[in-house]
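Below, each chain spelled out in residue letters.
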Amino acid sequence: MRLSERSKAIKPAVTLALAAKAQTMRAEGIDLVNFTAGEPDFDTPQRIKDAAVQALKRGMTKYTDVRGIIPLRQAIAEKYKREYGFDYHRDQVLVSCGGKHALYNLLQALLNPGDEVVIPSPYWVSYSDMTLLAGGVPRIVPTKEEDGFRLTPEQLATALTPKTRIFILNSPSNPTGAGYHREELEALSRVLEKHDCLIISDDIYEKIVYDNFHFYSIAALNPKLRERTLITNSASKTYAMTGWRIGYALGPQEIIAAAGNIQSQSTSNPTSIAQAGALEAIQGPQDEVEVMVREFQKRRDLIVERLSRIPGFRCFNPQGAFYVFPNVRSLLGRTGKGKKLGSAADVVEYFLAEARVLVVPGEDFGSSENIRFSYATSLEEIEKGCGRIEAAVKKLD
Ligand code: PMP
Ligand code: GLU
(Lines give C-alpha, C1' and ligand atoms only; values in the text may rest on other atoms or scores of the structure.)
(Ligands and ions follow the chains in the order given, each with its own letter.)
Protein backbone atom coordinates (compact mmCIF):
# COMPACT_ATOMS: atom_id res chain seq x y z
CA MET A 1 0.00 0.00 0.00
CA ARG A 2 1.33 3.45 -0.91
CA LEU A 3 1.01 5.68 2.15
CA SER A 4 1.94 9.32 2.47
CA GLU A 5 5.50 10.15 3.48
CA ARG A 6 3.89 12.19 6.25
CA SER A 7 2.16 9.20 7.77
CA LYS A 8 5.31 7.10 7.49
CA ALA A 9 7.36 9.68 9.37
CA ILE A 10 5.47 9.16 12.63
CA LYS A 11 4.73 6.46 15.19
CA PRO A 12 1.58 5.85 17.21
CA ALA A 13 1.63 7.49 20.67
CA VAL A 14 3.32 4.87 22.85
CA THR A 15 1.43 6.22 25.87
CA LEU A 16 -1.95 5.41 24.35
CA ALA A 17 -0.75 2.15 22.80
CA LEU A 18 0.50 0.79 26.13
CA ALA A 19 -2.55 2.05 28.03
CA ALA A 20 -4.70 0.08 25.56
CA LYS A 21 -2.48 -2.98 25.99
CA ALA A 22 -2.90 -2.78 29.78
CA GLN A 23 -6.68 -2.59 29.41
CA THR A 24 -6.72 -5.61 27.12
CA MET A 25 -4.54 -7.65 29.50
CA ARG A 26 -6.78 -6.79 32.42
CA ALA A 27 -9.88 -7.70 30.40
CA GLU A 28 -8.24 -11.07 29.79
CA GLY A 29 -8.10 -11.57 33.54
CA ILE A 30 -4.35 -10.93 33.96
CA ASP A 31 -3.48 -9.47 37.36
CA LEU A 32 -1.57 -6.49 35.99
CA VAL A 33 -0.44 -3.38 37.82
CA ASN A 34 -0.92 -0.59 35.32
CA PHE A 35 1.26 2.52 35.54
CA THR A 36 0.82 3.50 31.89
CA ALA A 37 -2.20 5.71 31.58
CA GLY A 38 -1.55 9.42 31.76
CA GLU A 39 -5.03 10.14 33.01
CA PRO A 40 -6.56 10.73 36.42
CA ASP A 41 -8.26 7.62 37.78
CA PHE A 42 -10.90 9.82 39.47
CA ASP A 43 -14.38 10.12 38.03
CA THR A 44 -15.42 13.42 36.44
CA PRO A 45 -17.12 15.52 39.16
CA GLN A 46 -20.90 15.11 39.24
CA ARG A 47 -21.70 18.78 38.62
CA ILE A 48 -19.83 18.56 35.30
CA LYS A 49 -21.64 15.42 34.24
CA ASP A 50 -24.97 17.00 35.20
CA ALA A 51 -24.24 20.05 33.07
CA ALA A 52 -23.62 17.84 30.04
CA VAL A 53 -26.76 15.79 30.69
CA GLN A 54 -28.83 18.94 31.01
CA ALA A 55 -27.35 20.25 27.77
CA LEU A 56 -28.29 17.02 26.04
CA LYS A 57 -31.83 17.19 27.41
CA ARG A 58 -32.12 20.81 26.28
CA GLY A 59 -31.28 19.68 22.76
CA MET A 60 -27.73 20.94 22.51
CA THR A 61 -27.14 18.42 19.77
CA LYS A 62 -26.30 20.63 16.82
CA TYR A 63 -23.07 21.97 15.38
CA THR A 64 -21.69 24.80 17.43
CA ASP A 65 -19.41 27.64 16.39
CA VAL A 66 -16.31 25.85 15.06
CA ARG A 67 -14.16 27.71 17.60
CA GLY A 68 -16.32 26.63 20.56
CA ILE A 69 -19.45 28.15 22.10
CA ILE A 70 -19.16 31.80 23.12
CA PRO A 71 -19.82 31.22 26.87
CA LEU A 72 -16.98 28.67 27.02
CA ARG A 73 -14.52 30.87 25.16
CA GLN A 74 -15.59 33.75 27.39
CA ALA A 75 -15.14 31.64 30.53
CA ILE A 76 -11.64 30.62 29.41
CA ALA A 77 -10.69 34.25 28.73
CA GLU A 78 -12.03 35.18 32.19
CA LYS A 79 -10.07 32.40 33.87
CA TYR A 80 -6.89 33.80 32.35
CA LYS A 81 -7.82 37.33 33.43
CA ARG A 82 -8.57 36.19 36.99
CA GLU A 83 -5.56 33.94 37.42
CA TYR A 84 -2.84 35.64 35.37
CA GLY A 85 -4.13 39.14 34.55
CA PHE A 86 -4.23 38.49 30.79
CA ASP A 87 -6.64 40.41 28.56
CA TYR A 88 -7.65 37.86 25.99
CA HIS A 89 -10.74 38.55 23.91
CA ARG A 90 -12.90 35.47 23.35
CA ASP A 91 -11.83 35.54 19.69
CA GLN A 92 -8.33 34.84 20.91
CA VAL A 93 -9.53 31.51 22.29
CA LEU A 94 -9.97 28.33 20.26
CA VAL A 95 -11.63 25.30 21.85
CA SER A 96 -10.49 22.02 20.30
CA CYS A 97 -10.82 18.26 20.80
CA GLY A 98 -8.30 18.07 23.64
CA GLY A 99 -5.06 19.86 24.35
CA LYS A 100 -3.45 17.54 21.82
CA HIS A 101 -5.71 18.85 19.07
CA ALA A 102 -5.09 22.44 20.16
CA LEU A 103 -1.33 21.86 19.78
CA TYR A 104 -1.81 20.08 16.47
CA ASN A 105 -3.83 22.96 15.02
CA LEU A 106 -1.24 25.51 16.15
CA LEU A 107 1.67 23.60 14.65
CA GLN A 108 -0.25 23.16 11.41
CA ALA A 109 -1.03 26.86 11.35
CA LEU A 110 2.51 28.01 12.08
CA LEU A 111 5.13 25.73 10.56
CA ASN A 112 6.56 25.87 7.07
CA PRO A 113 8.87 23.14 5.74
CA GLY A 114 12.19 23.26 7.56
CA ASP A 115 11.02 25.47 10.43
CA GLU A 116 12.56 24.29 13.67
CA VAL A 117 10.75 23.58 16.90
CA VAL A 118 12.93 23.59 20.00
CA ILE A 119 11.75 20.86 22.37
CA PRO A 120 13.49 20.30 25.73
CA SER A 121 13.92 16.61 26.41
CA PRO A 122 12.58 14.47 28.07
CA TYR A 123 9.43 15.61 26.29
CA TRP A 124 5.86 14.47 25.88
CA VAL A 125 5.77 11.96 23.02
CA SER A 126 3.53 13.94 20.68
CA TYR A 127 5.51 17.18 20.37
CA SER A 128 8.07 15.76 17.97
CA ASP A 129 5.68 13.73 15.84
CA MET A 130 3.19 16.58 15.60
CA THR A 131 6.05 18.81 14.46
CA LEU A 132 6.97 16.27 11.77
CA LEU A 133 3.34 16.04 10.66
CA ALA A 134 3.35 19.80 10.13
CA GLY A 135 6.54 19.66 8.04
CA GLY A 136 8.71 21.09 10.81
CA VAL A 137 11.99 19.87 12.23
CA PRO A 138 12.12 18.90 15.92
CA ARG A 139 15.24 20.26 17.58
CA ILE A 140 15.55 18.16 20.71
CA VAL A 141 17.59 19.68 23.53
CA PRO A 142 18.42 17.23 26.33
CA THR A 143 18.12 18.55 29.87
CA LYS A 144 20.06 17.05 32.76
CA GLU A 145 18.67 15.35 35.82
CA GLU A 146 21.17 17.38 37.93
CA ASP A 147 19.46 20.51 36.60
CA GLY A 148 16.11 19.12 37.71
CA PHE A 149 15.30 18.23 34.10
CA ARG A 150 15.00 21.95 33.42
CA LEU A 151 16.49 23.70 30.43
CA THR A 152 19.16 26.23 31.38
CA PRO A 153 19.28 29.68 29.75
CA GLU A 154 22.64 28.74 28.20
CA GLN A 155 21.16 25.61 26.62
CA LEU A 156 18.22 27.63 25.30
CA ALA A 157 20.50 30.32 23.88
CA THR A 158 22.50 27.68 21.99
CA ALA A 159 19.40 25.92 20.68
CA LEU A 160 17.67 29.00 19.28
CA THR A 161 18.76 29.79 15.71
CA PRO A 162 17.30 31.90 12.90
CA LYS A 163 15.49 28.73 11.82
CA THR A 164 13.67 28.42 15.16
CA ARG A 165 10.00 29.13 14.74
CA ILE A 166 8.67 27.78 18.05
CA PHE A 167 9.96 26.93 21.50
CA ILE A 168 7.74 24.48 23.43
CA LEU A 169 7.64 24.84 27.18
CA ASN A 170 5.85 22.27 29.34
CA SER A 171 5.90 22.93 33.07
CA PRO A 172 5.18 20.80 35.05
CA SER A 173 6.37 18.32 32.50
CA ASN A 174 5.21 15.03 31.17
CA PRO A 175 7.16 12.73 31.66
CA THR A 176 9.49 14.10 34.38
CA GLY A 177 7.09 16.13 36.52
CA ALA A 178 9.72 18.89 36.56
CA GLY A 179 8.36 22.39 37.11
CA TYR A 180 10.22 25.64 36.44
CA HIS A 181 10.55 28.10 39.30
CA ARG A 182 9.92 31.79 38.83
CA GLU A 183 13.58 32.85 38.49
CA GLU A 184 14.25 30.05 36.01
CA LEU A 185 11.37 31.14 33.81
CA GLU A 186 12.51 34.75 34.03
CA ALA A 187 16.00 33.71 32.95
CA LEU A 188 14.60 31.75 29.99
CA SER A 189 12.37 34.67 29.08
CA ARG A 190 15.36 37.01 28.87
CA VAL A 191 16.92 34.67 26.31
CA LEU A 192 13.65 34.41 24.37
CA GLU A 193 13.28 38.20 24.32
CA LYS A 194 16.28 38.41 22.00
CA HIS A 195 14.95 35.88 19.49
CA ASP A 196 12.16 36.32 17.05
CA CYS A 197 10.40 33.02 17.77
CA LEU A 198 7.05 32.00 19.15
CA ILE A 199 6.55 30.21 22.44
CA ILE A 200 3.99 27.50 23.04
CA SER A 201 3.39 27.07 26.73
CA ASP A 202 1.63 23.75 27.32
CA ASP A 203 0.09 24.42 30.72
CA ILE A 204 -1.99 21.25 30.99
CA TYR A 205 -0.54 20.40 34.44
CA GLU A 206 -0.72 23.96 35.82
CA LYS A 207 -3.02 22.92 38.70
CA ILE A 208 -1.36 19.62 39.53
CA VAL A 209 1.54 20.87 41.66
CA TYR A 210 2.93 19.83 45.05
CA ASP A 211 4.51 21.15 48.21
CA ASN A 212 4.97 24.88 47.83
CA PHE A 213 5.56 24.88 44.12
CA HIS A 214 3.91 27.85 42.43
CA PHE A 215 3.02 27.67 38.75
CA TYR A 216 3.89 30.81 36.76
CA SER A 217 2.98 31.59 33.20
CA ILE A 218 6.05 32.80 31.30
CA ALA A 219 4.01 35.43 29.45
CA ALA A 220 2.73 36.87 32.73
CA LEU A 221 6.29 37.16 34.04
CA ASN A 222 7.60 38.89 30.96
CA PRO A 223 5.09 41.12 29.14
CA LYS A 224 7.52 41.46 26.21
CA LEU A 225 6.73 37.84 25.34
CA ARG A 226 2.95 38.18 25.48
CA GLU A 227 2.41 38.84 21.81
CA ARG A 228 4.56 35.85 20.95
CA THR A 229 3.19 33.31 23.40
CA LEU A 230 0.52 30.74 22.75
CA ILE A 231 -0.96 28.90 25.67
CA THR A 232 -2.50 25.46 25.43
CA ASN A 233 -4.51 23.86 28.18
CA SER A 234 -7.19 21.24 28.64
CA ALA A 235 -10.04 20.03 30.81
CA SER A 236 -8.55 16.51 30.70
CA LYS A 237 -6.21 16.47 33.68
CA THR A 238 -7.54 19.24 35.91
CA TYR A 239 -11.11 17.94 35.94
CA ALA A 240 -10.58 14.24 35.21
CA MET A 241 -12.18 14.67 31.79
CA THR A 242 -9.76 12.85 29.47
CA GLY A 243 -12.48 11.11 27.46
CA TRP A 244 -14.50 14.27 26.90
CA ARG A 245 -11.87 15.68 24.56
CA ILE A 246 -11.93 19.36 25.38
CA GLY A 247 -8.77 21.45 25.26
CA TYR A 248 -8.02 24.96 24.09
CA ALA A 249 -5.46 27.46 22.86
CA LEU A 250 -5.11 31.18 23.55
CA GLY A 251 -2.91 33.65 21.74
CA PRO A 252 -2.62 36.36 19.11
CA GLN A 253 -5.86 36.62 17.17
CA GLU A 254 -4.32 36.06 13.74
CA ILE A 255 -2.75 32.78 14.80
CA ILE A 256 -5.84 31.60 16.64
CA ALA A 257 -7.96 32.41 13.55
CA ALA A 258 -5.57 30.43 11.31
CA ALA A 259 -5.71 27.47 13.71
CA GLY A 260 -9.51 27.83 13.73
CA ASN A 261 -9.56 27.60 9.93
CA ILE A 262 -7.66 24.32 10.13
CA GLN A 263 -10.17 23.06 12.66
CA SER A 264 -13.00 24.26 10.44
CA GLN A 265 -11.68 22.13 7.55
CA SER A 266 -10.98 19.08 9.66
CA THR A 267 -12.98 18.28 12.81
CA SER A 268 -15.41 21.27 12.98
CA ASN A 269 -16.46 22.03 16.56
CA PRO A 270 -15.53 19.86 19.53
CA THR A 271 -18.52 17.85 20.81
CA SER A 272 -21.33 20.19 21.81
CA ILE A 273 -22.30 18.61 25.13
CA ALA A 274 -18.66 18.12 26.13
CA GLN A 275 -18.31 21.87 25.77
CA ALA A 276 -21.25 22.33 28.16
CA GLY A 277 -19.43 20.10 30.65
CA ALA A 278 -16.18 22.02 30.23
CA LEU A 279 -18.02 25.30 30.80
CA GLU A 280 -19.29 24.05 34.14
CA ALA A 281 -15.82 22.68 34.95
CA ILE A 282 -14.12 26.02 34.43
CA GLN A 283 -16.86 28.27 35.86
CA GLY A 284 -17.98 26.22 38.84
CA PRO A 285 -16.39 25.67 42.27
CA GLN A 286 -12.84 24.32 42.08
CA ASP A 287 -12.84 22.30 45.33
CA GLU A 288 -12.64 18.90 43.61
CA VAL A 289 -9.38 19.90 41.96
CA GLU A 290 -7.78 20.48 45.34
CA VAL A 291 -9.04 17.14 46.62
CA MET A 292 -7.54 15.34 43.62
CA VAL A 293 -4.22 17.16 43.92
CA ARG A 294 -3.95 16.28 47.62
CA GLU A 295 -4.50 12.65 46.73
CA PHE A 296 -1.91 12.81 43.92
CA GLN A 297 0.58 14.28 46.35
CA LYS A 298 0.19 11.32 48.74
CA ARG A 299 0.79 9.00 45.82
CA ARG A 300 3.82 10.94 44.62
CA ASP A 301 5.31 10.77 48.11
CA LEU A 302 4.73 7.04 48.27
CA ILE A 303 5.98 6.13 44.80
CA VAL A 304 9.13 8.26 45.02
CA GLU A 305 9.95 6.77 48.40
CA ARG A 306 9.26 3.17 47.29
CA LEU A 307 11.13 3.40 43.98
CA SER A 308 14.12 5.15 45.55
CA ARG A 309 14.57 2.13 47.83
CA ILE A 310 14.95 -0.25 44.90
CA PRO A 311 18.62 -0.86 44.02
CA GLY A 312 19.27 0.33 40.46
CA PHE A 313 16.58 3.04 40.53
CA ARG A 314 17.30 6.76 40.82
CA CYS A 315 14.09 8.69 41.19
CA PHE A 316 13.76 12.44 40.66
CA ASN A 317 11.16 14.01 42.95
CA PRO A 318 8.68 15.85 40.74
CA GLN A 319 7.11 19.26 41.39
CA GLY A 320 3.92 18.41 39.56
CA ALA A 321 1.91 16.31 37.06
CA PHE A 322 1.39 12.64 37.97
CA TYR A 323 4.44 10.94 36.57
CA VAL A 324 7.80 9.78 37.85
CA PHE A 325 10.59 9.09 35.43
CA PRO A 326 13.24 7.10 37.29
CA ASN A 327 16.64 6.48 35.80
CA VAL A 328 17.35 2.75 35.46
CA ARG A 329 20.76 2.93 33.80
CA SER A 330 22.22 0.72 36.52
CA LEU A 331 19.95 -2.11 35.46
CA LEU A 332 21.17 -2.03 31.86
CA GLY A 333 23.56 -4.84 31.04
CA ARG A 334 22.03 -7.19 33.61
CA THR A 335 20.13 -10.31 32.59
CA GLY A 336 16.52 -11.16 33.31
CA LYS A 337 14.61 -14.23 32.14
CA GLY A 338 17.63 -15.19 30.04
CA LYS A 339 17.74 -11.88 28.19
CA LYS A 340 20.24 -9.08 28.56
CA LEU A 341 18.57 -5.75 29.32
CA GLY A 342 20.00 -3.41 26.70
CA SER A 343 17.55 -0.52 26.86
CA ALA A 344 14.71 1.02 28.81
CA ALA A 345 12.34 -0.88 26.51
CA ASP A 346 13.96 -4.16 27.58
CA VAL A 347 13.56 -3.20 31.25
CA VAL A 348 9.87 -2.51 30.65
CA GLU A 349 9.47 -5.84 28.88
CA TYR A 350 11.18 -7.64 31.76
CA PHE A 351 8.96 -6.02 34.39
CA LEU A 352 5.91 -7.01 32.39
CA ALA A 353 7.01 -10.60 31.98
CA GLU A 354 8.41 -11.13 35.47
CA ALA A 355 6.32 -8.82 37.65
CA ARG A 356 3.14 -8.19 35.68
CA VAL A 357 3.72 -4.47 36.00
CA LEU A 358 3.40 -2.23 32.94
CA VAL A 359 5.19 1.13 32.62
CA VAL A 360 6.19 3.19 29.58
CA PRO A 361 9.77 3.04 28.25
CA GLY A 362 11.62 6.35 28.04
CA GLU A 363 12.74 6.12 24.41
CA ASP A 364 9.76 7.94 22.89
CA PHE A 365 10.12 10.66 25.52
CA GLY A 366 13.72 11.14 24.41
CA SER A 367 15.54 9.05 27.03
CA SER A 368 16.81 5.49 26.76
CA GLU A 369 17.77 5.32 30.45
CA ASN A 370 14.43 6.14 32.05
CA ILE A 371 11.03 4.56 32.40
CA ARG A 372 7.78 6.40 33.11
CA PHE A 373 5.30 5.55 35.84
CA SER A 374 1.95 7.31 35.94
CA TYR A 375 0.82 7.33 39.56
CA ALA A 376 -2.75 8.19 38.69
CA THR A 377 -3.69 4.98 40.46
CA SER A 378 -4.46 3.98 44.04
CA LEU A 379 -1.96 3.82 46.92
CA GLU A 380 -2.62 0.06 47.13
CA GLU A 381 -1.72 -0.42 43.46
CA ILE A 382 1.42 1.67 43.92
CA GLU A 383 2.48 -0.48 46.90
CA LYS A 384 1.71 -3.67 45.02
CA GLY A 385 3.48 -2.59 41.81
CA CYS A 386 6.61 -1.32 43.56
CA GLY A 387 6.79 -4.49 45.66
CA ARG A 388 6.63 -6.62 42.54
CA ILE A 389 9.30 -4.56 40.79
CA GLU A 390 11.55 -4.79 43.81
CA ALA A 391 11.24 -8.58 43.77
CA ALA A 392 11.87 -8.68 40.00
CA VAL A 393 15.04 -6.57 40.34
CA LYS A 394 16.36 -9.00 42.99
CA LYS A 395 16.05 -11.80 40.46
CA LEU A 396 18.27 -10.12 37.87
CA ASP A 397 21.68 -11.68 37.21
N1 PMP B 1 0.18 17.96 26.78
C2 PMP B 1 0.74 17.10 27.63
C3 PMP B 1 2.03 17.47 28.27
C4 PMP B 1 0.11 15.90 27.93
O5 PMP B 1 0.67 15.06 28.82
C6 PMP B 1 -1.09 15.56 27.26
C7 PMP B 1 -1.68 14.18 27.39
N8 PMP B 1 -2.19 13.89 28.51
C9 PMP B 1 -1.66 16.51 26.41
C10 PMP B 1 -0.99 17.68 26.16
C11 PMP B 1 -2.96 16.30 25.72
O12 PMP B 1 -4.01 15.93 26.53
P13 PMP B 1 -5.51 16.05 26.04
O14 PMP B 1 -5.51 15.95 24.55
O15 PMP B 1 -6.24 14.93 26.69
O16 PMP B 1 -6.01 17.39 26.50
N1 GLU C 1 -0.75 12.39 27.65
C2 GLU C 1 -1.15 11.21 28.34
C3 GLU C 1 0.07 10.36 28.54
O4 GLU C 1 1.16 10.84 28.36
C5 GLU C 1 -2.25 10.52 27.59
C6 GLU C 1 -1.83 9.84 26.34
C7 GLU C 1 -1.51 10.80 25.25
O8 GLU C 1 -2.32 11.69 24.96
O9 GLU C 1 -0.43 10.64 24.68
O10 GLU C 1 -0.04 9.21 28.92
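Above this text sits the structure in question.
Caption draft 1: Quick peek at helix 13 (residues 344-355). With 12 residues, helix 13 should cover 16 Å at 1.5 Å per step; its first-to-last C-alpha distance of 16 Å lies within 8% of that length. Within the sequence span of helix 13, burial applies to Ala344, Asp346, Val347, Val348, Tyr350, Phe351, Leu352 and Ala355.

Caption draft 2: View of the environment of alanine 159. Looking at the element boundaries, alanine 159 is found in helix 7 (residues 153-159). On the basis of relative accessible area, alanine 159 is assigned to the buried category, the value being 3%. Sequence-wise, alanine 159 and glutamine 319 are 160 residues apart; in three dimensions their C-alpha atoms are separated by 25 Å. Beyond its immediate stretch of four places on either side in the chain, alanine 159 contacts Val118, Arg139, Val141 and Thr164.

Caption draft 3: Expanded view of the site of ligand 1. Around ligand 1 sit 14 residues, and of these Gly99, Asn174, Asp202, Ser234 and Lys237 come closest. Contact distances for ligand 1 include 2.6 Å between an oxygen atom and a backbone N or O atom of glycine 99. Within the contact set of ligand 1, an oxygen atom lies 2.7 Å away from a side-chain nitrogen or oxygen of asparagine 174. For ligand 1, whose unbound accessible area comes to 400 Å², protein coverage reaches 93%. Put simply, ligand 1 lies in the largest pocket. Among the residues forming the shell around ligand 1, the class breakdown is four nonpolar, six polar and four charged.

Caption draft 4: Local environment of the sheet that holds strand 13 (residues 360-361). Here three strands make up an open sheet; going across it, the order is 9-14-13 and the pairing antiparallel. The open sheet has two edge strands with one neighbour each: strand 9 (323-324) and strand 13. Bridge count between strand 9 and strand 14 (residues 371-374): two bridges; the pairing is antiparallel. When the sheet's bridge partners are listed, tyrosine 323 is paired in strand 14 with serine 374.

Caption draft 5: Broad picture of the pattern of salt bridges. Counted by the stated rule, this structure contains 34 salt bridges. A salt bridge links aspartate 41 to arginine 299, with the nearest nitrogen and oxygen atoms 2.9 Å apart. Taken together, the positions of aspartate 41 in the loop between strand 1 (33-34) and helix 3 (46-58) and arginine 299 in helix 12 (residues 287-308) put the pair 258 residues apart, joining distant regions of the chain. For aspartate 41, a relative accessible area of 39% corresponds to the partly exposed category. By relative accessible area, arginine 299 is classed as buried at 4%.

Caption draft 6: Representation of the site of ligand 2 within the structure. Near ligand 2 the following residues occur: Thr15, Leu16, Gly38, Lys100, Trp124, Asn174, Lys237, Tyr323 and Arg372. Measuring from an oxygen atom of ligand 2, one finds a side-chain N or O atom of threonine 15 at 2.6 Å. A distance of 2.9 Å separates an oxygen atom of ligand 2 from a polar atom in the side chain of asparagine 174. For ligand 2, whose unbound accessible area comes to 280 Å², protein coverage reaches 87%. When each cavity is represented as a set of grid points, ligand 2 is found to reside in the largest pocket.

Caption draft 7: Highlighting unusual backbone geometry. Cis geometry marks the peptide bond from serine 171 to proline 172, where omega comes out at -15 degrees. Positionally, proline 172 belongs in the loop between strand 5 (164-169) and helix 8 (182-193). Despite not being glycine, alanine 321 has its phi angle at roughly 60 degrees, a positive value. Its place among the elements puts alanine 321 in the loop between helix 12 and strand 9. Positioned with a positive phi, arginine 356 is a non-glycine residue whose angle comes to about 55 degrees. Relative to the elements of secondary structure, arginine 356 occurs in the loop between helix 13 and strand 12 (357-358). With relative accessibility at 35%, the residue arginine 356 sits in the partly exposed group.

Caption draft 8: View of helix 4 (residues 70-84). The end-to-end C-alpha distance of helix 4, which contains 15 residues, comes to 21 Å, matching closely the 21 Å that a straight helix rising 1.5 Å per residue would cover. Along helix 4, the positions that sit buried rather than exposed are Leu72, Arg73, Ala75, Ile76, Ala77, Lys79, Tyr80 and Tyr84. Glycine 85 sits one or two residues past helix 4 and shows a positive phi near 80 degrees.

Caption draft 9: Structural view of the layout of surface pockets. Taken as a whole, the largest pocket spans an internal volume of roughly 760 Å³. What lines the largest pocket is a set of 39 residues, among which Leu16, Gly38, Glu39, Lys237 and Thr242 lie closest to the centre. Taken together, the elements giving at least two residues each to the lining of the largest pocket come down to helix 2 (14-27), helix 5 (99-110), helix 6 (126-133), strand 7 (229-234) and strand 14. When residues of the lining of the largest pocket are assigned to their parent elements, the largest contribution, seven residues, is made by helix 2. Here the lining of the largest pocket is built from residues that sort into 15 nonpolar, 16 polar and eight charged.

Caption draft 10: Focus on the nonpolar core. Core analysis: the biggest nonpolar cluster contains 81 residues, and Ile303, Phe313, Phe351, Ile371 and Phe373 have the highest contact counts within it. Ranked by residues supplied to this core, first place goes to helix 12 with eight residues. Dropping the residues within four chain positions of it, phenylalanine 313 is found in contact with Leu307, Ser308, Pro326, Asn327, Val328, Leu331, Phe351, Ile371, Phe373, Ile389 and Val393.

Caption draft 11: Geometry of the side chain of glutamine 155. Take glutamine 155: it is sitting in helix 7. Side-chain polar atoms of glutamine 155 contact the backbone oxygen of proline 142, separated by 2.9 Å. In this structure, glutamine 155 is in contact with Val141, Pro142, Thr143 and Arg150, ignoring residues within four places of it in sequence.

Calculation criteria
Residues numbered from 1 in each chain as written. Chains lettered and ligands numbered in written order. Predicted model: local features only at pLDDT ≥ 70, side-chain atom pairs only at ≥ 80, totals over all residues. Heavy atoms only, no water. Helix = DSSP H or I, 4+ residues; strand = E, 2+ residues; numbered from the N terminus. Expected span 1.5 Å × (residues − 1). Buried < 20%, exposed > 50% of the residue type's maximum accessible area, 1.4 Å probe, protein only. Contact = heavy atoms within 4.5 Å. Near = heavy atom within 4 Å. Polar contact = N/O pair within 3.5 Å; in protein donor to acceptor, adjacent residues only side chain to side chain. Areas by Shrake-Rupley, 256 points an atom, 1.4 Å probe, with all protein chains shown as cover. 1 Å grid on protein atoms, 1.4 Å probe; cavity = no way out; pocket = protein on both sides within 12 Å on 5 of 7 lines; lining within 4 Å. Sits in = over half its atoms within 2 Å of the grid points. Nonpolar A, V, L, I, M, F, W, Y, C, P; charged D, E, K, R; others polar. Pairing = 2+ DSSP bridges. Salt bridge = Lys/Arg side-chain N within 4 Å of Asp/Glu carboxyl O. Points joined across faces, edges and corners; volume = space filled by probe spheres on them. Core = buried A, V, L, I, M, F, W, Y, C linked by side-chain atoms within 4.5 Å.

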